[in-house]
Amino acid sequence: MDAQVKRELKQYSTAARAKANAWYFKSGPGQYGAGDIFMGVSVPDQRKVAKHYYSNITLPEVLTLLSDPVHECRLTALFMLVYQFEKTTDEQTRKRIFEFYIKHRAYINNWDLVDSSASHIVGGYLHGKDAALLTKLAGSNSLWDRRIAMISTLYEIVAGTPHEGLRIATILVNDRHDLIQKAVGWMLREIGKRCGKDYLISFLNTHYKTMPRTALRYAIERLSPAERTHYMKK
């Protein structure tokens, strides 16, 4: 079935989109997505393919797609995993998908791959459980492990619980990589929006003088002009 999925994706591909995506996802030498390959398929078309196949595809077949050098194959595989995870109420199935995701996370190696899957699968599975894994991922040398740790907390944040997000943000608040700074700022902004502004303000009052400007800008986007001016003054 994995071969069928790839053939169907190919039908939606365009050379122009492949070129644009290679630039957008920084696949050039020395960039964070160096060496990534694109066939040029839009996200809506990838979701369409994933919805068609997810209920019948096996995890070994998903792994074939997830380990493919073509970016769209990996993203479509992750969409299918998310659909499988969210459509089942069986805890053993959810555990199996979660463990599969963690075991093979080396293939989840660009920001859109992380952002489309981590909160759904990792955050969803760890909800109400020990989240020590997120601490381990946040301390990893892998950029993508650290982003998985931060984005996974969105599940709890959407549910109105800020504590894991604040905890992981505290670990990563001074991370020097732009993609982690953006993730930290984004989650802080969501905490202010969904859990209460006071949580965001408390975090900012502790960290705003030293945290990277990118993270700070993302975090304060929804604040008033006067508040944004105050926090941008180092």
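Please read all numbers here as calculations on a predicted model, not as lab measurements.

A. Summary view of the nonpolar core. Core analysis: the biggest nonpolar cluster contains 74 residues, and Leu81, Tyr101, Leu188 and Leu204 have the highest contact counts within it. The greatest single-element share of this core, amounting to ten residues, is contributed by helix α5 (residues 71-87). Here Leu188 is in contact with Leu166, Ala169, Leu200, Phe203, Met211 and Ala219, once residues within four sequence places are set aside.

B. Examining the pattern of salt bridges more closely. For the structure on display, the rule yields 14 salt bridges. For Arg105, the salt bridge goes to Asp145, with nearest N and O atoms at 2.7 Å. Taken together, the positions of Arg105 in the loop between α6 (91-103) and α7 (111-115) and Asp145 in helix α10 (residues 143-152) put the pair 40 residues apart, joining distant regions of the chain. Note on Arg105: relative accessible area 22%, which makes it partly exposed. Taking the relative accessible area as the measure of exposure, Asp145 reaches 10% and is therefore buried. Residue Arg147 is joined to Asp115 by a salt bridge in which the shortest nitrogen-to-oxygen separation is 2.6 Å. Here Arg147, found in helix α10, pairs with Asp115, found in helix α7; they are 32 residues apart in sequence, far enough to count as distant.

C. Up close: unusual backbone geometry. The backbone of Lys26 sits at a positive phi, close to 50°, despite the residue not being glycine. Inspection of the secondary structure puts Lys26 in the loop between α2 (15-24) and α3 (43-53).

D. Focus on the environment of Gly196. As for its position among the elements, Gly196 is in the loop between α13 (178-194) and α14 (197-207). Residues Gly196 and Thr161, spaced 35 residues apart in sequence, show a C-alpha to C-alpha distance of 9.5 Å.

Basis of the calculations
- Residues numbered from 1 in each chain as written.
- Predicted model: local features only at pLDDT ≥ 70, side-chain atom pairs only at ≥ 80, totals over all residues.
- Heavy atoms only, no water.
- Core = buried A, V, L, I, M, F, W, Y, C linked by side-chain atoms within 4.5 Å.
- Buried < 20%, exposed > 50% of the residue type's maximum accessible area, 1.4 Å probe, protein only.
- Helix = DSSP H or I, 4+ residues; strand = E, 2+ residues; numbered from the N terminus.
- Contact = heavy atoms within 4.5 Å.
- Salt bridge = Lys/Arg side-chain N within 4 Å of Asp/Glu carboxyl O.

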